[in-house]
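Okay, here's what each chain looks like letter by letter:
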Amino acid sequence: MTVLLLEAQGGMLVTALATPPGMGGDGALIRIGPPLLRQEAGACFEGRALRARPLLVQQPGRPRRKPVEDYVFKPMENLLDAVEYRGKSIAQAGADRWNTRNCSQAHATWALEAARNYLTAREREQAARVAAGHPATFPVQSSWVGGKQLSAPDERGVDQYERTIWGRQYASADGEIRELWIPSIDCVKLDRPLPELVAAAHVLVTGVPAKTPYGERSIPLPSAPPPPRRVRVLGVGLRDASTAVLADWNAEEVKRLFEENVRGLMARVVDGRGRRSGMDCVRCEALAGCRTVARVPGLLGVPGPVRPRKRRSVSVSDLRAHRDCAARYHLTRVLKLRDGRTENEAIRRGRAVDAWLNERHAERPLVPCRHVPLPDTLPGLKEDELPAALSMIRGHRGLCPLDGLPATERVEPQRRIAVYDDLADVVVIADCDVVYTDEGGVVVRETKTAAHRFGERRDLVETFPQLALAVLMLASGALGGDPRRSRVELEVLREDGARLEELDPCDGRTLDQSRRVLTELATGWAAEETYPAEPAPGFDCSGCEALRWCAVGQSRQTTDIPEVVR
């Protein structure tokens, strides 16, 4: 395998990454794919450096069992493999339950629809290419892997570098053209970052067919073909069979773009230091020994799993979705399957107001919102929808948390908080509207837009369970600060006014009620293994974003229609 080594940039000294406590295995392999290059807010630098060392794992090993398939593309890939590699028709592939094993029926239904759309897009695009005088391309089953094996470990302690890609691989009969097709769940994704596209294209140019056994180093196959003259990266939308050419470069262009856009970025990922709690914690092999993420055993109030299973993350929104319907939770929250229906005005208004407030609260120096002019427009809102949103912003001005807050206090809008409940082996995620310090305490502010008044104060943690989670996190000290000086705030904005409520995390009654609310929500979710389509009484399946693939929901729609209407 041939590829240039990942060099440190700007004269930074490269040193071997120390193996964190509780980890072991082969740390001399670096394997990096385009997703690791994403510049995501809240990423854990050291966590991603560890992910680039996939054979360095938790010791002793942790459970990895999946009661139900949670990788959305897995059954679709099985179906396409049967068609493209084994010569089956899509009907034959769909009839073979092996291809959709361990999947819910709705997931299998989506996968068959997605595979059909993919093949439609592929056939249409290839026909157009051939008609224009370009050579056809054919499926390539062996994975292309770029990399280099060293005779001795380098300064990182690494002796093998691998670069990988994900997607469907194709090549022309003479091998001079290679293609990578990258599926998207919905429409074709047009905004993939340039470094990801270049990294993928570089693997197409320099990679060789290889075996990639799970938990082992890649093994190049003998008699590697010569490198291609040109490579293409295409996106395909699985909902509408849309396609787009995302990259079309010759080999020399790819090598130049790699030097300019990817080499240094890869080095920074591999050499990343510094830890930050967040979504990266869920899959991190070092979590068991990490002290950066706050630990609150029993936060969810549920026991550990009866049968070992892989670590999960959960938010209060996830728990509420599961309470409404376990199948809906699995489809929309885990698999991210949604039918693309248009959001209603209330949701769009709330998002627009939140976005404006977040932008104002992130400005430095701190400026209370009452000193900022009202906007003339808000993204996503029509002209006749603007007055209601502006009334809500106007109401916020009198309740803005920055009003009178000393400049020395810390303000974090849209802060993502991760807390590890190691008893349940769950990373609990909370995306808070604003977290700020106030005279030694920590304040969590949640802002809600509403078209009507809400209930009595005693019902707040039941109506808004995220308040219950915030109470418990503050009371446990997970957010730092003095719990006696801390509080949870609920700001409700309506067209006709605004209201602010406060909850004391040290109040015994509030604590008890918060524990009860969170435990009631989490109990069913924690024990769930089958995710049946059994909506809760009163849940309206017509509003479900996954109704398109759910036979039970469609049946409810039919049976709920009055006989006289039928």
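Before reading on, note that the structure itself is shown above.
Residues numbered from 1 in each chain as written. Predicted model: local features only at pLDDT ≥ 70, side-chain atom pairs only at ≥ 80, totals over all residues. Heavy atoms only, no water.

Enquirer: How do you make sense of the packing of helix 8 (residues 316-324) against helix 9 (residues 326-334) when you look at a structure like this?
Expert: The geometry of a pair of packed helices is captured by two quantities: the angle between their axes and the separation between those axes. Following both chains from N to C, one finds helix 8 and helix 9 inclined at 135°, their axes separated by 5 Å at the closest point. The angle between the axes of helix 8 and helix 9 places the two elements in the oblique class. On helix 9, the residues touching Ser317, Asp318, Ala321, His322 and Asp324 of helix 8 are Ala326, Arg328, Tyr329 and Arg333. (Axes fitted to C-alpha atoms, helices over the stretch in contact; angles between N-to-C directions. Helix = DSSP H or I, 4+ residues; strand = E, 2+ residues; numbered from the N terminus. Parallel < 35°, antiparallel > 145°, perpendicular 65-115°, else oblique. Contact = heavy atoms within 4.5 Å.)

Enquirer: Can you walk me through the sheet that holds strand 11 (residues 230-237) in this structure?
Expert: Hydrogen bonds along the backbone pair up the strands of a sheet, which may run parallel or antiparallel. Judged by pairing direction, the sheet is mixed, and its five strands sit side by side in the order 4-7-8-11-12 without closing on themselves. Lying at the two open borders of the sheet, with one neighbouring strand each, are strand 4 (137-139) and strand 12 (243-250). Strand-to-strand twist in this sheet, taken as the mean axis angle between neighbours without regard to direction, amounts to 25°. Across seven bridges, the pairing between strand 11 and strand 12 is antiparallel. Looking at strand 12, one finds that Gly235 is bridged to Ala244. Helix 4 (residues 105-131) contacts strand 4, strand 7 (168-172), strand 8 (177-184), strand 11 and strand 12 of the sheet and is inclined by roughly 145° relative to strand 8. Helix 5 (residues 194-206) contacts strand 8, strand 11 and strand 12 of the sheet and is inclined by roughly 130° relative to strand 11. (Pairing = 2+ DSSP bridges.)

Enquirer: I'm lost on the pairing of strand 8 in this one. Help?
Expert: Most of strand 8 sits inside the fold, with eight of its eight residues counted as buried. Alternating positions in strand 8 separate into two faces, Ile177, Glu179, Trp181 and Pro183 on one and Arg178, Leu180, Ile182 and Ser184 on the other, with burial throughout. Judged from the four bridges that link them, strand 7 and strand 8 form a sheet pairing that is antiparallel. In the sheet register, Tyr170 faces strand 8, and the bridge partner there is Glu179. Counting the residues between successive antiparallel strands, the hairpin from strand 7 to strand 8 contains four residues, one of them, Gly175, with a positive phi of roughly 80°. Taken together, the eight bridges between strand 8 and strand 11 define a ladder with parallel strand orientation. Bridging across to strand 11, Ile177 finds its partner in Arg230. (Buried < 20%, exposed > 50% of the residue type's maximum accessible area, 1.4 Å probe, protein only.)

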